[in-house]
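Chains, contacts and geometry: an overview
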Amino acid sequence: MSLTICPWKYNKRWVYSITYDEALADLHRFAIPIHEEYGIPGHVEVVVGQLGEVRNLGSSSYNGYRHMNGDELKDLLTRGWGVGNHSWSHQVIQPDMVDRELRQAKEVLEAAIDAPIDLYCSPGNNTNMADHVLSACREYGYLGAMSITDALNRPTDPLFWLNRTPLHERYYEPFGSEYDPFRNIRYAKEDHGWIIDYCHCPLETPIHPNKDCSQAQLRRRFETVLCEGDDEVWCAVPEEVLFYHLTRTQTQIETLTDTETEKRYRLALNGLSNSVTCRTLTFEADVPASWCRSPHVWINGESRPATLIGPQKLQITVDVENGLELAFR
Ligand SMILES: [Zn+2]
């Protein structure tokens, strides 16, 4: 096959996302301005039962801080951020609680922000990644679930156990550690990985050293991501990455013509969820050298410039649909 779908959008080598559990209003003090400065989108995980309220959850380190309300979350959406469900109560989700924690919470949050919620984020620890929780997530139409396992996500990994890199000043006992702005980046480059960082609300000093970084450490992380990533990193909200992943894995390529004068392909998209509202794919095509002088692709018969990325290699990023035809001449 001389037409292939790239592992990640724009044929980037690795992917970077960052999430902020609890969606606290104090993100406006440091985190959001730092995001605006570097142009990296963020993602907040909302405890829906306390939407807009001052946090009051057991012995949480963040009690006394206020959760964002619906309008504040909508403002984040207009800045290119994303929003996920961090459960209704932030408690351990028993089998008889999934309706409130996952279905009702999704519904209430969607009404509050007037947008779909596609991601669940486990509250507390990975206890809330139990089988009954994840199967309820699938049933209620989520596209993915985020854990707190410190690891990369690879292009072939399942979406109902997404790993996240703790961006914390230091790790829990017995493993003390030093804050590492390079954490997982080299590995992401090597393995075409997707890093999803997580912290809570970076301020002058971390609210809790095992749960957060400082605003200076957040800034250093972004500088490191952009410097190490250069033009090889795709900075995106997790939903955009999920949409790409799902579209890529559900698309089949059929070769219609393969001659010395034309290569033509048809795409089949089977069983893709209606929740995947952005269906963009990046393709790489191997073509004869003589087609590279004026690189073009014909999409359903209409020509468009393609990008030459190497000898006999063209690249295009296209909004796809079932039956779409791509041709090179
Ligand atoms: Zn939490």
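Please read these numbers as outputs of a predicted model, since none were measured by experiment.

**Some words on the sheet that holds strand β13 (residues 296-299)**
Ordered by their spatial adjacency, five strands build an open sheet running β10-β11-β17-β13-β14, and the pairing between neighbours is antiparallel. Strand pairing shows two members of the sheet lacking a second neighbour, β10 (251-258) and β14 (302-305), which therefore form its edges. Direction aside, neighbouring strands of the sheet carry axes that sit 25 degrees apart on average.

**Points about the packing of helix α1 (residues 31-38) against helix α6 (residues 215-229)**
One way to put it is that α1 packs onto α6 with a least axis distance of 10 Å and a crossing angle of 20 degrees. Comparing their axes, α6 and α1 come out roughly parallel. As for the relative orientation of α1 and α6, their crossing is right-handed in sense. Facing Ala31, Ile34 and Tyr38 of α1, the residues of α6 in contact are Gln215, Leu218, Arg219, Phe222 and Leu226. When grouped by side-chain class, the residues that make up the contact of α1 with α6 number six nonpolar, one polar and one charged.

**Some details on the nonpolar core**
Core analysis: the biggest nonpolar cluster contains 66 residues, and Val15, Val44, Val46 and Leu73 have the highest contact counts within it. Per-element tally for this core: the top contributor is helix α3 (residues 98-113), with six residues. One finds Ile5, Ala285, Ala306 and Leu314 within the second-largest nonpolar core, a separate group that totals eleven residues.

**Overview of the environment of Phe160**
Looking at the secondary structure, you find Phe160 in the loop between β6 (144-146) and β7 (165-166). Classification of Phe160 by C-beta neighbours within 10 Å gives partly exposed; the count is 18. Considered as a pair, Phe160 and Ala111 are 49 residues apart in the sequence and their alpha carbons are 24 Å apart.

**Comments concerning the pairing of strand β12 (residues 280-286)**
Examined bridge by bridge, strand β1 (residues 3-5) and β12 share three bridges and lie antiparallel to one another. Note on β12: the bridge partner recorded for Leu3 is Ala285. Direction of pairing for β12 relative to strand β16 (residues 313-319): antiparallel, over a ladder of seven bridges. Directly across from Glu284, in β16, lies its bridge partner Gln315.

Conventions and cut-offs
- Residues numbered from 1 in each chain as written.
- Predicted model: local features only at pLDDT ≥ 70, side-chain atom pairs only at ≥ 80, totals over all residues.
- Pairing = 2+ DSSP bridges.
- Helix = DSSP H or I, 4+ residues; strand = E, 2+ residues; numbered from the N terminus.
- Axes fitted to C-alpha atoms, helices over the stretch in contact; angles between N-to-C directions.
- Parallel < 35°, antiparallel > 145°, perpendicular 65-115°, else oblique.
- Left-handed = near helix turned anticlockwise from the far one by under 90°.
- Contact = placed C-beta atoms within 7 Å.
- Nonpolar A, V, L, I, M, F, W, Y, C, P; charged D, E, K, R; others polar.
- Core = buried A, V, L, I, M, F, W, Y, C linked by C-beta atoms within 7 Å.
- Buried ≥ 20, exposed ≤ 12 C-beta atoms within 10 Å, placed from the backbone.

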